[in-house]
Amino acid sequence: MRLGFKLLEHTSDIGILAHGETREQALIGASEGLVSILVESPEAIRNVEERHFKASGRDEAEQIVNWLNELVFYFDTEGLVFWGFSIDSWTSEEIIGRATGERFDLYRHELRTAVKAITYHQFESHPTPTGWEIRVFVDV
Amino acid sequence: MSKIQLQKIDEYRWLIPRTYKPGMRTDAVIYASERLLQSIRQDQSLEQAANVAMLPGIVGRALAMPDIHQGYGFPIGGVAAVDDENGVVSPGGVGFDINCGVRLLGSTLTVKDVKPKLRDLVHQLFRDIPSGTGQSSRLKLSDTDLNSVLEEGPRWAIEHDMGSESDLDHTEERGCMAGADAYAVSERAKQRGRGQLGTLGSGNHFLEVQFVDEVFAEQTAAQYNLEKNRIVVLIHTGSRGLGHQVCTDYVSQLDLAMRKYDLQVPDRQLACAPVHSPEGQRYLHAMAAAANFAWTNRQCIAHATRGAFKRVFGNSANLSVIYDVAHNIAKRELHIVDGRQRRVVVHRKGATRAFPDQPVFIPGSMGTASYFLMGQEGAMRETFGSACHGAGRVMSRSAAKKGVTAKEIQKELESRGIIVESLTREGLTEEKPEAYKDIESVVDVVHNAGLAARVARLRPIGVIKG
């Protein structure tokens, strides 16, 4: 299955349905989906800065939610938007990985909407016949 | 599409009986007209109202206001009171945007004074009030400053020449909730909030220059100098990234605590802990601090608004705070339940406090009217002193954007005499008036159900958005 995501919407909700051949690829798809909610044309984001992500959690759901919350955190605190993601390890306790991107610049990027938080609402993460699927909703 | 069988109580009240599903500890009551129910049924909000009725320690009924729509855990437009001694507190019952709320400023100007310079005014407001992408605040806070904001609220701003003591007299809790503890707020939350004080945010947050379009209760309106054509300013925003992170942090901590206290809820987003447990208390301390941050945020924005008005209209343009009230909060209050007074924790998520003789503001969607109401005794008897907080979304964001551009919306609003400036195109297209329920029908319900009484209708002429 092709790496990727699609956005899900229902009244006030925005969700991301991400697919990948592996769980890691599905998470990268979900990360890209989140960035596409934040900014228009995210593929134009340049890879000039790198941040290390460490998302711990008592279960897979919390680890994924915390990983995605890292993107929200860096946007709020450093104005960073990312488009390159890699996952170095994913244990039963944490996900460790990296994200590359650049500072949001109003002259070169267009903001879509800020994201308040990642939620557990209708959260799914499970294998499919062709790989892995993650569904997550965000509060905007 | 929800198929829940509702029992009609009267024209404005509908019951989901506790027998609807196992685990409900009480009934849920929906305040809505038959017409509004049709849109309410389009999402999962009724199911969520039934889930709220499962909260341990809930007293009275789980309640939903006419602007109810699907939220995360709790529906937006939901109210639930839990027993202070035996109940639980749930961050999901407050929401991510802690103390998202509204502040109404009165003015000495009329629509006639403002119209000729309206474009300049809107532009000045847009320049002076950052919408807040990333760290765009013009205020640079030290650690000590931030802790003072969290524990003292707008008093910090007033001590830094951003307002006067009388602003506090017209702010719920005087802008400072008891129990606020800066040390219950994580470093991560502080990092998110540090650069966002005095910023509006995106989504449905806005600042509107409005005029009094119609007065329904002359005497009450006169007490607030709200005669016809008077200019007012409505500020709608909350606790920004700081509050969002507090909610995120405590959903996780209380999710863990539920195992310790052997609590079960039907949705992880409803994670909760006993009010008097260390975890529940710590959340309440952090929530109060985030609420204080939000009141300070609106105080700083009000200060910038005053500055913009003075730059455009000169020193005679005075703006005073009419009232400032939270729409997302949990508060310890005394209420009569089953004939006796009890201390309860009232969760209001997308609902306003509406105590008798307290101003209630119900903002409509962009470009439509907002309402000024007064809380009524009926709210004390039925809804723990609460009423609805807005129009309530009916259209998804992508549906709202279909077939319309930001420019077209801007032009259409201008043809109706409304000047809009928005940082994002989405801020216009996703928030277009048709994306929300009709404000008139929402206000009709709370007025006719005796929760809050109409005082005046306010129409926008200038809007700034993130």
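Conventions we followed
- Residues numbered from 1 in each chain as written.
- Chains lettered and ligands numbered in written order.
- Predicted model: local features only at pLDDT ≥ 70, side-chain atom pairs only at ≥ 80, totals over all residues.
- Helix = DSSP H or I, 4+ residues; strand = E, 2+ residues; numbered from the N terminus.
- Rg over C-alpha atoms; globule rule 2.2 N^0.38 Å.
- Buried ≥ 20, exposed ≤ 12 C-beta atoms within 10 Å, placed from the backbone.
- Contact = placed C-beta atoms within 7 Å.
- Expected span 1.5 Å × (residues − 1).
- Nonpolar A, V, L, I, M, F, W, Y, C, P; charged D, E, K, R; others polar.
- Pairing = 2+ DSSP bridges.
- Axes fitted to C-alpha atoms, helices over the stretch in contact; angles between N-to-C directions.
- Parallel < 35°, antiparallel > 145°, perpendicular 65-115°, else oblique.
- Core = buried A, V, L, I, M, F, W, Y, C linked by C-beta atoms within 7 Å.
- pLDDT = per-residue confidence, 0-100.

**Q** So what's going on with the overall build of chain A? Residues and values would help.
**A** On a plain count of helices and strands, chain A comes out with two helices and eight strands. The order of α-helices and β-strands along chain A, N terminus first, is β-β-α-β-α-β-β-β-β-β. Its C-alpha atoms give chain A a radius of gyration of 14 Å, within 12% of the compact-globule value 14 Å for 140 residues. Projected onto its principal axes, the C-alpha positions of chain A cover 45 × 35 × 30 Å. Within the span of chain A, comprising 140 residues, buried residues form 49% of the whole.

**Q** An account of the overall build of chain B is requested, with residue identities and associated values reported.
**A** Regarding its fold elements, chain B presents 16 helices and 19 strands. Seen through its principal axes, chain B has C-alpha atoms that stretch 60 × 50 × 45 Å. Counting the 466 residues in chain B, one finds 64% classified as buried. In chain B, the proportion of contacts linking residues at least 24 apart, taken out of those at least 6 apart, comes to 78%.

**Q** Outline helix H10 (residues 240-260) of chain B, supporting the account with residue identities and numerical values.
**A** Residue and element names in this part refer to chain B. The end-to-end C-alpha distance of H10 is 31 Å, a good match for the 30 Å that 21 residues give at a rise of 1.5 Å each. Of all 21 residues making up H10, 16 are buried, and the element is well covered by its neighbours. Taken from the residues just after H10, Asp262 is the one with a positive phi, measuring 55°.

**Q** Account for the environment of Ala289 of chain B, naming residues and giving values.
**A** Residues and elements named next belong to chain B. With respect to the element layout, Ala289 can be found in helix H11 (residues 278-313). Expressed as a C-alpha distance, the spacing of Ala289 and Cys176, which sit 113 residues apart in the sequence, is 8.3 Å. Residues in contact with Ala289, not counting those within four places in the same chain, are Leu150, Glu151, Ala180, Asp181, Ala182, Ala184 and Val185.

**Q** An account of the interface of chain A and chain B is requested, with residue identities and associated values reported.
**A** Between chain A and chain B, the residue contacts involve 26 residues of the former and 32 residues of the latter. For the side of chain A that touches chain B, the secondary structure elements donating two or more residues are strand E1 (4-10), strand E2 (13-20) and helix H2 (60-78) of chain A. Considering every element that reaches the side of chain A that touches chain B, the biggest residue donor is H2 of chain A, with six residues. A breakdown of the residues in the side of chain A that touches chain B according to their chemical character gives nine nonpolar, nine polar and eight charged.

**Q** Break down the sheet that holds strand E3 (residues 49-56) of chain A for me, citing the residues and quoting the values.
**A** All names here are of chain A. Strand order in the open sheet formed by three strands is E3-E5-E4, with antiparallel pairing between adjacent strands. Whereas interior strands pair on both sides, the edge strands pair on one side only; in this sheet they are E3 and strand E4 (80-90). Neighbour-to-neighbour, the strand axes of the sheet open up by a mean angle of 25°, direction not taken into account. Relative to strand E5 (residues 94-103), E3 runs antiparallel, the two being bridged by eight bridges. Paired with Glu49 across the strands is Gly101, a residue of E5.

**Q** Before we move on, could you go through the packing of helix H5 (residues 143-152) of chain B against H11 of chain B and cite the residues and values that matter?
**A** All names here are of chain B. Interaxial distance between H5 and H11 falls to 6 Å at its minimum, and their mutual angle equals 100°. Between H5 and H11, the crossing angle belongs to the class labelled roughly perpendicular. On H11, the residues that touch Val149, Leu150, Glu151 and Glu152 of H5 are Ala289, Asn292, Phe293 and Thr296.

**Q** If you had to explain the sheet that holds strand E3 (residues 28-31) of chain B to someone new, which residues and values would you point to?
**A** Within a sheet, neighbouring strands are paired by backbone hydrogen bonds and run either parallel or antiparallel to one another. Residue and element names in this part refer to chain B. Ordered by their spatial adjacency, seven strands build an open sheet running E1-E2-E3-E4-E5-E13-E12, and the pairing between neighbours is mixed. Edge positions in the open sheet fall to strand E1 (7-10) and strand E12 (328-337), since each of these has one partner strand only. Neighbour-to-neighbour, the strand axes of this sheet turn through a mean angle of 25°, independent of strand direction. With respect to the sheet, helix H2 (residues 45-52) is in contact with strand E2 (13-16), E3, strand E4 (58-69) and strand E5 (76-83), its orientation differing from that of E4 by roughly 165°.

**Q** Hey, could you go over the nonpolar core for me, with residue numbers and the actual values?
**A** All names here are of chain B. One finds Ile30, Met287 and Ala290 to be the most contacted residues of the largest nonpolar core, which totals 203 residues. The element best represented in this core is H11, accounting for 17 residues. If near-sequence neighbours (up to four positions away) are discounted, Ile30 is found in contact with Leu6, Trp14, Leu46, Ala49, Ala64 and Ile68.

**Q** Describe H11 of chain B, naming the residues involved and giving the relevant values.
**A** All names here are of chain B. With 36 residues, H11 should reach 52 Å at 1.5 Å per residue; the first-to-last C-alpha distance of 52 Å fits that figure. Counting buried residues in H11 gives 28 out of 36 residues, a clear majority hidden from the surface. At the C-terminal side of H11, Gly314 shows a positive phi close to 90°.

**Q** A description of the pairing of strand E7 (residues 124-128) of chain A should follow, citing residues and the corresponding values.
**A** Residues and elements named next belong to chain A. Of all five residues that make up E7, zero are buried, and the element is exposed over most of its length. Of the strand pairs in this sheet, E7 and strand E8 (residues 131-139) are connected by five bridges, and their pairing is antiparallel. Looking at E8, one finds that Glu124 is bridged to Arg135. In this antiparallel pair of consecutive strands, E7 and E8, the connection spans two residues.

**Q** Can you lay out the confidence of the model for chain B for me, pointing to particular residues and giving the numbers?
**A** Mean pLDDT over chain B: 94, with 99% of residues reaching 70 or higher. Across the whole predicted complex the pTM is 0.96, and at the interface the ipTM reaches 0.93.

**Q** Break down the confidence of the model for chain A for me, with residues and values.
**A** In this model, chain A carries a mean pLDDT of 93, and residues with pLDDT of at least 70 account for 98%. Of all the helices and strands in chain A, E1 of chain A carries the lowest mean pLDDT, 89, while E7 of chain A carries the highest, 98.

**Q** Break down unusual backbone geometry for me, with residues and values.
**A** Residue and element names in this part refer to chain A. Within the chain, Ser41 stands out as a residue other than glycine whose phi angle is a positive 45°. Within the element layout of this structure, Ser41 appears in the loop between helix H1 (23-38) and E3. At Gln122, a position not held by glycine, the phi torsion is positive, near 50°. Gln122 sits in the partly exposed class, given 16 other C-beta atoms within 10 Å.

**Q** So what's going on with the packing of H10 of chain B against H11 of chain B? Which residues, and what values?
**A** Residues and elements named next belong to chain B. Contact geometry for H10 and H11: axes closest at 9 Å, N-to-C directions at 170°. Our classification of the angle between H10 and H11 gives roughly antiparallel. Facing H10, whose interface residues are Arg240, Leu242, Gly243, Val246, Tyr250, Gln253, Leu254 and Ala257, H11 presents Glu279, Tyr283, Ala286, Met287, Ala290, Phe293, Ala294 and Asn297. Class assignment of the residues belonging to the contact of H10 with H11 gives a composition of eleven nonpolar, three polar and two charged.

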